Amino acid sequence: MAYTVTKRTSYGQRVKNSFGGIFLGILLFIAGTCLLWWNEGRAVKTTKMLKEAQANYVEMGDINSINPEYDGKLVHATGLAVTDDVLTDPIFNVACTALNLSRKVEYYQWVEHSKTMKKDKIGGGEEETTTYTYDKQWSDKAIESSKFADPQYHNANFVLLNGIEDEKLYASHVSFGAYKLNENQIHSIGTIEKLNVELPEGIVKSLSENAAQSMKDYRNKILKERVAADSTSGSSLVHVNGNVVYVGRSANSPQIGDMRIIFEKAVPGNVSLIAVVSGDTFTGYTAKNGKIMSVITNGTQAAEAMFASEHATNKAVLWIFRIVGVLIVIFGLRNIFDFLHTLAKVLPFLANIIGFGVGAVCSIIGFVWSLLIIALAWLFYRPMLGILLIVIAAAIIFLFSKKSKELLRKNATATTEEPATTDQLQNP
């Protein structure tokens, strides 16, 4: 059943809040501007670093013996990454020889969903109605139900085993021919596979007893409030199926508090890397502009393919941050000038017109401002493209200004002609 909360805000409070939003808007505008400037510089520096690395790397043909000839050089190499390290989960005593061992925990919980509708009232007030609904889902975290809006669902969530969370263990020693991979490289490789689990009987019994006690404690607490407790004795509450340890009565009929612990491993395999040889291991390549590069990927890949992938990633990140930066700038401007929209809320129809106008103007100004910042950044880092962007921004401003003048001229003409038409009707 849905739970509804209605909040009413007076016109005066809305105006006060809108003026308070001006400071936030200024901060967002500055933050968006800084993000745009930083992003352009980051992209240009990364591109220069990649091109510099492409011009300086050498192919490392044999990785099965330490060759002093490559020491200190940027190399591209491919080969098998292997380890003899045995990784052991400290709670479940699950062990395997792998590049990494991961434990992922999921919880069956009540999840709160909300939907809010706002309605302007005559006089400038606002009525905000929020509807909360609840359903049971598997979640990647334990959800604190005491913060739910509906009191009926307070303390509705719990977990059968506390203190068991996601964890990932990594091998310390990974060989790459006669060389060793560094920590960052080890954390970046590996083909993920399911890790079938076999738990010792003692661990199953201990975990099951702890889960049963948690269930009993929870139900004793709830018993005082709204439900009767079931018996927690009987069959084991810990079940193993492949790479999943299920904690609960039945995996086919999950109940609140049940848990799924999923085990996976990263197995050794072929990798390709671009890095600087440092003795019997590798380090990052430092370009002339200070940017550092070290790339490793699963499988056998040619150097050109790896560089092409890095260029594509850099370009994708550039456009993501551009879009985010522009939106932050526009949102900041709208926060700064939203008080105009709020002041007009005494007449909802007029407020809608002003709100649309404020939104449109802020969007145009924000977009043009963003173009100028990007252009100035490129002018600083790459002058030719920066000049082109400034010309485009200036053209947009000119067209917008010209269009606005034409609209104002038409409105003024219509206003001056209307009295004459009226006089003619009165005095034919």
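Above this note sits the structure.
Residues numbered from 1 in each chain as written. Predicted model: local features only at pLDDT ≥ 70, side-chain atom pairs only at ≥ 80, totals over all residues. Heavy atoms only, no water.

Novice: Which parts of the structure should I look at to understand the overall build of the chain?
Specialist: Counting secondary structure elements, the chain contains six helices and 19 strands. Each of the 428 residues in the chain was classed as buried or not, and the buried ones make up 38%. Considering only contacts in the chain between residues 6 or more positions apart, those separated by 24 or more positions represent 73%. As displayed, the chain has an accessible area near 24400 Å², and 58% of this comes from carbon and sulfur atoms. (Helix = DSSP H or I, 4+ residues; strand = E, 2+ residues; numbered from the N terminus. Buried < 20%, exposed > 50% of the residue type's maximum accessible area, 1.4 Å probe, protein only. Contact = heavy atoms within 4.5 Å. Areas by Shrake-Rupley, 256 points an atom, 1.4 Å probe, with all protein chains shown as cover.)

Novice: What am I meant to see in helix α4 (residues 303-343) here?
Specialist: For α4, which comprises 41 residues, the first-to-last C-alpha distance of 61 Å matches the rise-based estimate of 60 Å (1.5 Å per residue) to within 8%. Considering bend angle alone, the principal kink of α4 is centred on Phe337 and spans about 50°. (Expected span 1.5 Å × (residues − 1). Bend = angle between axes of the 7 residues up to and from the residue.)

Novice: When you look at the packing of helix α1 (residues 11-56) against α4 in this model, what are you seeing that I'm missing?
Specialist: Helices that pack against each other are described as a pair by the angle of their axes relative to one another and the distance between those axes. One way to put it is that α1 packs onto α4 with a least axis distance of 7 Å and a crossing angle of 165°. In terms of orientation, α1 and α4 fall into the roughly antiparallel class. The two elements α1 and α4 meet at a crossing, and its hand is left-handed. Residues of the contact of α1 with α4, tallied by class, amount to 27 nonpolar, 15 polar and eight charged. (Axes fitted to C-alpha atoms, helices over the stretch in contact; angles between N-to-C directions. Parallel < 35°, antiparallel > 145°, perpendicular 65-115°, else oblique. Left-handed = near helix turned anticlockwise from the far one by under 90°. Nonpolar A, V, L, I, M, F, W, Y, C, P; charged D, E, K, R; others polar.)

Novice: Explain the nonpolar core to me, please; I cannot follow it from the model alone.
Specialist: Grouped burial of nonpolar side chains is what soluble globular proteins tend to show. Core analysis: the biggest nonpolar cluster contains 38 residues, and Phe92, Leu199, Val245, Met259, Ile261 and Phe263 have the highest contact counts within it. At the level of elements, β6 (100-120), β7 (126-139), α3 (201-223), β13 (244-247) and β14 (259-267) are the ones that each hand at least two residues to this core. Among the elements that line this core, the one with the most residues is α3, at seven residues. Counting 21 residues, the second-largest nonpolar core is a separate cluster that includes Phe176, Val271, Ala275 and Phe282. (Core = buried A, V, L, I, M, F, W, Y, C linked by side-chain atoms within 4.5 Å.)

Novice: Would you mind showing me how to read unusual backbone geometry here?
Specialist: If a residue is not glycine, its phi is most likely negative; likewise, a peptide bond is most likely trans. Backbone geometry places Asn93, a non-glycine residue, at a positive phi of 60°. Located in the positive-phi region is Asn155, a residue other than glycine, with phi close to 60°. Checked against the element boundaries, Asn155 lands in the loop between β7 and β8 (167-170).

Novice: So what exactly am I meant to see when it comes to the pairing of β13 here?
Specialist: For a regular strand, side chains alternate in direction, first toward one face of the sheet and then toward the other. Relative to β13, strand β12 (residues 238-241) runs antiparallel, the two sharing four bridges. Opposite His239, over in β13, you have Tyr246 as the bridge partner. Connecting the antiparallel pair β12 and β13 is a turn made up of two residues, with Gly242 showing a positive phi of about 65°. Looking at chain direction, β13 and β14 are connected through four bridges and run antiparallel. Along β14, the bridge assignment pairs Val245 with Ile261. (Pairing = 2+ DSSP bridges.)

Novice: When you look at a nonpolar patch on the surface in this model, what are you seeing that I'm missing?
Specialist: A cluster of nonpolar residues, Trp37, Leu376, Leu379, Phe380, Ile387 and Val391, forms a patch on the protein surface that exposes about 560 Å² of accessible area. Taken together, the elements giving at least two residues each to the nonpolar patch come down to α5 (348-381) and α6 (383-426). Broken down by element, the nonpolar patch gets its largest block of residues, three residues, from α5. Owing to a relative accessible area of 59%, Phe380 belongs among the exposed residues under this scheme. (Patch = residues over 30% accessible without salt bridge, like charges linked within 9 Å, V, L, I, M, F, W, Y side chains within 5 Å. Salt bridge = Lys/Arg side-chain N within 4 Å of Asp/Glu carboxyl O.)

Novice: Just to check I follow, could you spell out the side chain of Asp89 for this structure?
Specialist: Secondary-structure assignment places Asp89 in the loop between β4 (86-88) and β5 (95-97). Looking at Asp89, the relative accessible area reads 3%, which means it is buried. Within the local environment of Asp89, its side chain forms a polar contact with the backbone nitrogen of Ile91, the two atoms lying 2.9 Å apart. Within the local environment of Asp89, its side chain forms a polar contact with the backbone nitrogen of Phe92, the two atoms lying 2.8 Å apart. Residues contacting Asp89, with those up to four places away along its chain left out, are Val94, Leu101, Arg103, Leu169 and Phe263. (Polar contact = N/O pair within 3.5 Å; in protein donor to acceptor, adjacent residues only side chain to side chain.)

Novice: Before we go on, may I ask you to explain the pattern of salt bridges in this structure?
Specialist: Oppositely charged side chains can form a pair if their charged atoms are brought close together. Enumeration according to the criterion identifies eight salt bridges in this entry. Note that Arg103 is salt-bridged to Asp89, the shortest N-O span being 2.9 Å. Residue Arg103 is found in strand β6, and its partner Asp89 is found in the loop between β4 and β5; the two are separated by 14 residues along the sequence. Just as Arg103 is buried, Asp89 falls in that class too. Here Glu106 ties to Arg260 by a salt bridge, and the two come within 2.5 Å at their closest N and O atoms. Of this pair, Glu106 sits in strand β6 while Arg260 sits in strand β14; the two residues are 154 residues apart in sequence, bridging distant segments of the chain. Members of the salt-bridge network, linked through shared partners, are Asp89, Arg103 and Glu167.

Novice: What is the right way to read the packing of aromatic side chains from this model?
Specialist: Two aromatic rings, taken as a pair, are described by how far apart their centres are and by the angle between their planes. Enumeration according to the criterion identifies 13 aromatic pairs in this entry. Between the aromatic rings of Phe158 and Tyr218, the centroid separation amounts to 3.9 Å while the plane-to-plane angle is 10°, which identifies the pairing as stacked. Taken together, the residues Phe158 in the loop between β7 and β8 and Tyr218 in helix α3 connect sequence positions 60 residues apart. Looking at Phe158, the relative accessible area reads 13%, which means it is buried. Plain terms: the ring middles of Tyr179 and Phe282 are 5.5 Å apart, the flat faces sit at 40° to each other, and that makes the pair tilted. Of this pair, Tyr179 sits in strand β10 (residues 179-180) while Phe282 sits in strand β16 (residues 281-283), and the two are 103 residues apart along the sequence. One aromatic cluster in this structure is built from Trp110, Tyr134, Phe148 and Tyr153. If you follow Arg260 out to its NZ or CZ, it ends over the ring of Trp138, 4.0 Å from the centre. (Phe/Tyr/Trp six-rings, centres within 6.5 Å; stacked < 30°, edge-to-face > 60°. Lys NZ or Arg CZ within 6 Å of the ring centre and 35° of its normal.)

Just distances and angles here, no functional claims.
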